[in-house]
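# Descriptive structure summary
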There are 2 protein chains.
Amino acid sequence: MKEKATSFDIAHRAGVSQSTVSRALNNSPLVSQQTRDRVVQIARELNYKVDKNASNLRKQKSNTLALLLFEDPTTDDSLINPFFLSMLGSITRASANAGYDLLVSFQNMADDWHAEFEDSNKADGIILLGYGDYRSYRSKLARLEEQGTHFVRWGAQDKDQPGVNIGCDNYQGGFQITRHLIAQGYQNIAFVGECGEQAPEFKARYQGYRDALNTHHLLPATPLQYDAFSTEDSGYAAMQHVLNSPTLPRAVVCASDLIAIGALDAIHEAKLKVPEDIAIVGYDNIPVSGYTSPGLTTVRQNTTRAGELLVTTLINAINKQQVYDYLMPAELIIRRSCGAKESD
Amino acid sequence: MKEKATSFDIAHRAGVSQSTVSRALNNSPLVSQQTRDRVVQIARELNYKVDKNASNLRKQKSNTLALLLFEDPTTDDSLINPFFLSMLGSITRASANAGYDLLVSFQNMADDWHAEFEDSNKADGIILLGYGDYRSYRSKLARLEEQGTHFVRWGAQDKDQPGVNIGCDNYQGGFQITRHLIAQGYQNIAFVGECGEQAPEFKARYQGYRDALNTHHLLPATPLQYDAFSTEDSGYAAMQHVLNSPTLPRAVVCASDLIAIGALDAIHEAKLKVPEDIAIVGYDNIPVSGYTSPGLTTVRQNTTRAGELLVTTLINAINKQQVYDYLMPAELIIRRSCGAKESD
DNA sequence: CTGAAAGCGCTTACAG
DNA sequence: CTGAAAGCGCTTACAG
């Protein structure tokens, strides 16, 4: 095990000062080409790497982004929502492309997550990812902002929240997919998914659903809305409720694919057919949604683009540039579960 | 934007020396309870966090693990193999539980990845994750070892490789799933997946397949093996090959679920039925495999356990403890694609 | 273009 | 139990 080389070792061998080594390696213009070449050469021979801790300490920045994954408190301990898993993948890739390291962490609302990363200089900025109610940590977000910590949120737009937000247009997605069902001729359309303040994404999708129905004068007298959060089990239970209600809806808009998959199970168990007896649509376009029987009509959120947007927005913020909220368009993905021909 | 507090600020307010602050905050026994309480109290008030860069620089360790994801060179830029995505999830969780931060990074065989992390003190150790041929970076692994860098590999056991290895018993998995097909009465069984040195995992699965056939005297005169790497497209193409061959096999062992899913597409396109006309089995038990039509019989690798093993093994290595290779058992998951009753 | 020096914010022997 | 001091390995004004 060789001792690790430092900039002094290189300086010694190159016959220059340590300052010059540092400059040469950092592409400072204040070094002659000749000196730089020699230093770089020796650094390579010695397999030298700049010590990031020392460099970061001195520069007071880390070239690292932190990703905070908030978990659905209801999720099984060993599973991550597939949608966020795919976001994780695209964020990882986007940070790498931007030359930043990515620190990944799960959060269970630990007391001091708001300070943990930037105050400790582990990261230059934070990406907050997770469904749910940012209101509950509103004060923490405010504190982040007050401390000058850079962060971006993924989720539902909310003018009231501190910080920049990147999200997908949940209202439009809910509207579109409901309108699509209406265009198929369905009238009696239910919604499965909680839609209170604690679930702003679902709430926006629900609003889109309602407005689409309203536009076509199909809004039922009593709302056909059933609570469920984003797990298969919850979707399964909610759909059993639906199936036990006096009048069976002809179509169901589920607030997420996970819910829709659970609903599918409940329907099959009841020996009913999708879409013949009841049509089902989901939301998210998680990988599995293309493989259910029948394939799920759903709304895609472009995770690749989302990852890029989150990362570039955060980096811009770190570099003191003006940054803006961004609302990505939703994209309808039509498969068989809605009863449309796939070419529709 | 408040200035960030340092240990000196706390020392000043507490009327003690900065050394004492550091000790108090690091739970050193060399501090009176009274002093510690006061320091901790003030630290909280000032919202103080230890600067990790300074602390790491001084301690020469980072409390961070690096995860290097090697990509299948054949994979689409925006997609990660779902199996590795699920490993990523479990490794993230396991590191967090162990109190380590996790730095995630993709690798395209950049020249100096072997030194990038530990030499730069960004991480205390490295987890190498990715299918493929470790032989091609054998020299780099050797260098890692020589430099005293701590690392664990996920993948096929290989006595020739430097470093510790955690993996799942690919041979046993291939054997079991093939034996299962034989038990269903199939005789003419093909294998789809490359099985050369560059794909050690697939190779081991193929060996298991062959030995199972051999045990039952079913080994064909000419090997029924078709190359494919782990993507749907490649599986689709390979299965078209199979379907064009003079005698159609009755069952096909695919080296991965992704391959099997592509194969399923090719078979359905040819208007054949699974499992009636031809049985298909996969490997990995990726989430989608439960939702294909029919559901895929496959081999599960316990990713939760794998993540924990990788992390704890690496941490043990970092702490200078003796560490060992570990081979996890494979686990047969029976669904409809093999023609068995699910309760089989 | 180069060097000598200060200092980033800690931890930890050393001395009491 | 506590404090004064050294030093981790860099980057960057400052002076030439």
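Nothing here was measured: the structure is a model prediction, and the numbers come from that model.

### Regarding the nonpolar core
Side chains that are nonpolar tend, in soluble globular proteins, to be buried together. Counting 162 residues, the largest nonpolar core has A:W154, A:I280, B:W154 and B:I280 as its most contacted members. If you look at the next biggest cluster of nonpolar residues, it comprises 23 residues, including A:A66, A:A123, B:A66 and B:L128.

### A closer look at the sheet that holds strand β6 (residues 189-192) of chain B
All names here are of chain B. Reading across from one edge, β7-β6-β8-β9 is the order of the four strands in this open sheet, with parallel pairing throughout. Of all the strands in the sheet, the pair left with one neighbour each is β7 (225-226) and β9 (279-281). Of the pairings in the sheet, the one linking strand β8 (residues 251-254) to β9 comprises three bridges and is parallel in character. Across the sheet, A251 pairs through a bridge with A279, a residue of β9. Helix α8 (residues 170-183) contacts β6, β8 and β9 of the sheet and is inclined by roughly 170 degrees relative to β8.

### Things to note about unusual backbone geometry
Cis geometry marks the peptide bond from A:V274 to A:P275, where omega comes out at 5 degrees. Within the fold, A:P275 resides in the loop between α11 (257-269) and β9 (279-281). That bond from A:S293 to A:P294 is cis: its omega, -10 degrees, falls within 30 degrees of zero. Within the secondary structure, A:P294 sits in the loop between β9 and β10 (298-300). Here the phi dihedral of A:N285 falls at roughly 55 degrees; this positive angle occurs in a residue that is not glycine. Within the fold, A:N285 resides in the loop between β9 and β10. If you check the backbone angles, B:H217 has positive phi at about 55 degrees while not being a glycine.

### Here we look at the pairing of strand β8 (residues 251-254) of chain A
Burial along β8(A) is two-sided: the residues A:A251 and A:V253 and A:V252 and A:C254 are all buried. Taken together, β8(A), α11(A) and β9(A) form a β-α-β motif whose crossover is right-handed.

### Regarding the sheet that holds β9(A)
Whenever strands of a sheet pair, they do so through backbone hydrogen bonds, lying parallel or antiparallel. Residue and element names in this part refer to chain A. With respect to topology, four strands assemble into an open sheet ordered β7-β6-β8-β9, the strand pairing being parallel. For this open sheet the edge positions go to β7 (225-226) and β9, each flanked by a neighbour on one side alone. Sheet strands touched by helix α8 (residues 170-183): β6 (189-192), β8 and β9. Its angle to β8, the strand with the most contacts, is close to 170 degrees. Contacts between α11 and the sheet are confined to β6, β8 and β9, with β9 contributing the most and set at about 160 degrees to the helix.

### A look at helix α5 (residues 82-97) of chain B
Residue and element names in this part refer to chain B. Across its 16 residues, α5 extends 23 Å between first and last C-alpha, which sits within 8% of the 22 Å expected from 1.5 Å per residue. Most of α5 sits inside the fold, with twelve of its 16 residues counted as buried. Within α5 the residues assigned to the buried category are F83, F84, L85, M87, L88, G89, S90, I91, T92, R93, A94 and S95. One or two residues past the end of α5 sits G99, with phi positive at roughly 80 degrees.

### Remarks on the protein's contact with DNA strand C
In the neighbourhood of DNA strand C, 28 residues make up the surrounding shell, with A:R23, B:S7, B:Q18, B:S22 and B:R58 lying closest. Within 4 Å of the protein, the atoms of DNA strand C are drawn from sugar and phosphate moieties in a proportion of 56%. Here B:Q18 contributes a side-chain N or O atom positioned 3.2 Å from a base oxygen of DNA strand C. B:Y48 places a side-chain nitrogen or oxygen 2.8 Å from a phosphate oxygen of DNA strand C. Secondary structure elements with two or more residues in the surface near DNA strand C: α2 (18-25) and α4 (52-59) of chain A together with α2 (18-25) and α4 (52-59) of chain B.

Each value, and the rule that gives it
- Residues numbered from 1 in each chain as written.
- Chains lettered and ligands numbered in written order.
- Predicted model: local features only at pLDDT ≥ 70, side-chain atom pairs only at ≥ 80, totals over all residues.
- Heavy atoms only, no water.
- Core = buried A, V, L, I, M, F, W, Y, C linked by side-chain atoms within 4.5 Å.
- Buried < 20%, exposed > 50% of the residue type's maximum accessible area, 1.4 Å probe, protein only.
- Pairing = 2+ DSSP bridges.
- Helix = DSSP H or I, 4+ residues; strand = E, 2+ residues; numbered from the N terminus.
- Contact = heavy atoms within 4.5 Å.
- Axes fitted to C-alpha atoms, helices over the stretch in contact; angles between N-to-C directions.
- Right-handed = clockwise from strand over helix to strand, strands pointing away.
- Expected span 1.5 Å × (residues − 1).
- Near = heavy atom within 4 Å.
- Polar contact = N/O pair within 3.5 Å; in protein donor to acceptor, adjacent residues only side chain to side chain.

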